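Examination of the molecular architecture
Residues per chain, in single letters:
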Amino acid sequence: MSEIDPIELSRALIRRPSITPADAGALGVLEDTLNALGFSCTRLRFEDIDNLYARFGTGAPHFCFAGHTDVVPPGNEARWSSAPFDAEVKDGFLWGRGAADMKSAIAAFASAASSAIKKGAVTGSLSFMITGDEEGQAINGTRKILGWLQEQEIEIDHCLVGEPSNPDVMGDMIKVGRRGSINSWLTVTGKQGHVAYPHRADNPIPALLRKLLHLSETPLDDGYERFQPSSLQITDIHIGNPAHNIIPEQATARFNIRFNPTWTGATIEAWLRTQLIASALSSAHDTNLKQSCRVKHFLPRI
Ligand SMILES: [Zn+2]
């Protein structure tokens, strides 16, 4: 059995364009690698998502490597200096979507496992819990694998998550927890009309912009022991108006809040709704408009 080159395995994984929920063969690359090391692999498919659980040995302590093979979309590919799924090595750096988050970590896991197995240093057992659903809804990934593990009465003693968390050099930071996260969609509805007759219309765009500025400029807290201050980030503004001479009826924005343990999912949503009501009263004109806010909790801290 030869040891695994983490760079070459990272490149093989990056060359599979596994943009959530697509797998594009990425889990298969890992499965073949782990099979060759003597792991027994189980594919766990939940709805449209492929996941992989692999175990070497059965004894305790049971050490688990956890991670994901899916990646976020590459954005405008023309802006990349090399194609996002080519996995080129240039100037001592590996370039590609997933190089940081987190195919290289999975390759490092496999390389570490191969070294330990080769040296006979595995006294308990090792496992890999790898999902294809971390960057998306995260419903059919780790959460469901954990349910499956419980059904199988498999207990994990230690778990290492491969998320990139070192800002400068390898090993300069260890994360001890996870912030809560919610996505919200705010829609302001006005009245459509011709731009030449604005008095007959209600333009929802200025009101939406005022609300977004109010939300993004209002501090949530000053931080919490070992956690950064909570933060609200606007991630999209969608109006979709093809006409240059029409005031649109609706404008929608999406934003995400990452919150520290100062908050729970329920209290952060209550804060958000209070702020929206307060900002609705900040302009006399806004009172003619309607607003609706949809909130989706995503791994909330409870
Ligand atoms: Zn990640």
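Residues numbered from 1 in each chain as written. Predicted model: local features only at pLDDT ≥ 70, side-chain atom pairs only at ≥ 80, totals over all residues. Heavy atoms only, no water.

**Things to note about the nonpolar core**
Rules: Side-chain atoms within 4.5 Å are what join buried Ala, Val, Leu, Ile, Met, Phe, Trp, Tyr and Cys residues into a set we call a nonpolar core. Exposure is judged per residue with a 1.4 Å probe applied to protein chains only, and the accessible area is read against the type maximum: over 50% gives exposed, under 20% gives buried, and values in between give partly exposed. Runs of E in the DSSP output that reach at least two residues are strands. Runs of H or I that reach at least four are helices, and both are numbered from the N terminus. Any two residues whose heavy atoms approach within 4.5 Å at even a single point are treated as in contact.
The biggest cluster of nonpolar side chains holds 23 residues, and the ones touching the most others in it are Leu9, Leu30, Leu34, Phe39, Ile106 and Phe128. Only α1 (6–14), α2 (26–37), β2 (49–56), α3 (103–119) and β6 (125–131) provide two or more residues apiece to this core. Here this core takes seven residues from α3, the largest share from any one element. Not counting residues up to four positions away in its chain, the partners in contact with leucine 9 are Ile4, Val29, Thr33, Ala107 and Ala110.

**Examining the packing of α1 against α3**
Stated formally: Between N-to-C directions, angles cover 0 to 180 degrees, with each direction set by a line fitted to C-alpha atoms, over the stretch in contact for helices. Convention used here: angles under 35 degrees read as roughly parallel, angles over 145 as roughly antiparallel, angles from 65 to 115 as roughly perpendicular, and any remaining angle as oblique. Take the far helix as the reference: if the near one is turned anticlockwise from it by less than a right angle, the crossing is left-handed, and if turned clockwise, right-handed. Three residue categories are used. Nonpolar comprises Ala, Val, Leu, Ile, Met, Phe, Trp, Tyr, Cys and Pro, charged comprises Asp, Glu, Lys and Arg, and polar comprises the others, including Gly.
Running from amino to carboxyl end, α1 crosses α3 at an angle of 135 degrees, the nearest separation of the two axes being 8 Å. Put simply, α1 runs oblique to α3. α3 is crossed by α1, and the crossing has right-handed handedness. Listed contacts from α3 to Pro6, Leu9, Ser10, Leu13 and Ile14 of α1 are Lys103, Ser104, Ile106, Ala107, Ala108, Ala110 and Ser111. Class assignment for the residues of the contact of α1 with α3 results in eight nonpolar, three polar and one charged.

**What to know about the packing of α1 against α2**
Two quantities define a packed helix pair, namely the angle between the axes and the distance from one axis to the other. Their axes nearest at 8 Å, the elements α1 and α2 cross at an angle of 150 degrees. Contact with α1, carried on its side by Leu9, Ala12 and Leu13, involves Ala26, Val29, Leu30 and Thr33 of α2 and no other residues of that element. Grouping the constituent residues of the contact of α1 with α2 by class yields six nonpolar, one polar and no charged.

**Description of the layout of surface pockets**
With a probe scaled to a water molecule rolled over the atoms, the places where space remains empty come into view. Applied cut-off: The definitions used throughout rest on a 1 Å grid laid over the protein atoms alone, on which a cavity is an enclosed set of points accommodating a 1.4 Å probe that cannot get out and a pocket is an open set flanked by protein within 12 Å on both sides along at least five of seven lines; lining residues are those having an atom within 4 Å of a point. Grid points are joined across faces, edges and corners, and a volume is the space filled by probe spheres set on the points.
Counted as a void, the second largest pocket has a volume near 200 Å³. Split by residue class, the lining of the second largest pocket holds six nonpolar, four polar and three charged.

**Topic: the coordination of the zinc ion**
Put simply, the test is: Think of the donor list as every N, O and S atom within 2.8 Å of the metal, or within 3.2 Å for Na, K and Ca; water never makes the list, so a site can look incomplete.
Taken together, the protein donors to the zinc ion comprise His68 (NE2), Asp101 (OD), Glu163 (OE) and Glu163 (OE), at separations of 1.9 to 2.4 Å. Coordination of the zinc ion draws on donor residues from a single chain, spaced H-x32-D-x61-E in sequence. In this pair, histidine 68 is assigned in strand β3 (residues 62–68) and glutamate 163 in the loop between β7 (158–161) and β8 (180–189), connecting sequence segments 95 residues apart. Since its relative accessible area comes to 1%, histidine 68 is described here as buried. Of the residues examined, glutamate 163 reaches a relative accessible area of 29% and is grouped as partly exposed.

**Comments concerning the domain arrangement of the protein chain**
Let me state the cut-off plainly: An automatic or database domain assignment supplies the residue ranges for each domain.
What the domain assignment reports for the protein chain is domain 1 (6–161) and domain 2 (180–298). Look at where the C-alpha atoms of domain 1 and domain 2 centre, and you get two points 36 Å apart.

**Regarding the sheet that holds β7**
Across a sheet, paired strands are connected by hydrogen bonds in the backbone, their directions being either parallel or antiparallel. Where we set the bar: By the convention used here, strands pair only if DSSP detects at least 2 bridges between them.
Taking strand neighbours across the sheet as the criterion, the five strands line up as β1-β2-β6-β3-β7 in an open arrangement whose pairing is mixed. Whereas interior strands pair on both sides, the edge strands pair on one side only; in this sheet they are β1 (40–46) and β7. Neighbour-to-neighbour, the strand axes of this sheet turn through a mean angle of 20 degrees, independent of strand direction. Sheet strands in contact with helix α4 (residues 142–151) are β1, β2 and β6, and its direction is about 140 degrees off that of β6.

**Section: the pattern of salt bridges**
The test is simple: The salt bridge definition used is simple: a Lys or Arg side-chain nitrogen within 4 Å of an Asp or Glu carboxyl oxygen.
Within this structure, the stated rule accounts for six salt bridges. Among the salt bridges present, the one from arginine 43 reaches glutamate 31, with a minimum N-O distance of 2.7 Å. With arginine 43 in strand β1 and glutamate 31 in helix α2, the pair connects residues that are twelve residues apart, well separated along the chain. Here arginine 43 falls in the partly exposed class, since its relative accessible area comes to 33%. Residues arginine 45 and aspartate 50 are paired through a salt bridge, measuring 3.1 Å at the closest nitrogen-oxygen approach. Under the relative-accessibility criterion, aspartate 50 is labelled buried at 17%. The network of salt bridges with shared partners includes Glu31, Arg43, Arg45 and Asp50.

**Regarding α3**
The condition is simple: Helix span, as expected, comes to 1.5 Å for every residue beyond the first.
For α3, spanning 17 residues, the distance from its first C-alpha to its last is 25 Å, which sits close to the expected 24 Å at 1.5 Å a residue. Within α3 the residues assigned to the buried category are Lys103, Ala105, Ile106, Ala107, Phe109, Ala110, Ser111, Ala113, Ser114, Ser115 and Ile117. Two residues or fewer after α3 comes glycine 120, characterised by a positive phi angle close to 70 degrees.

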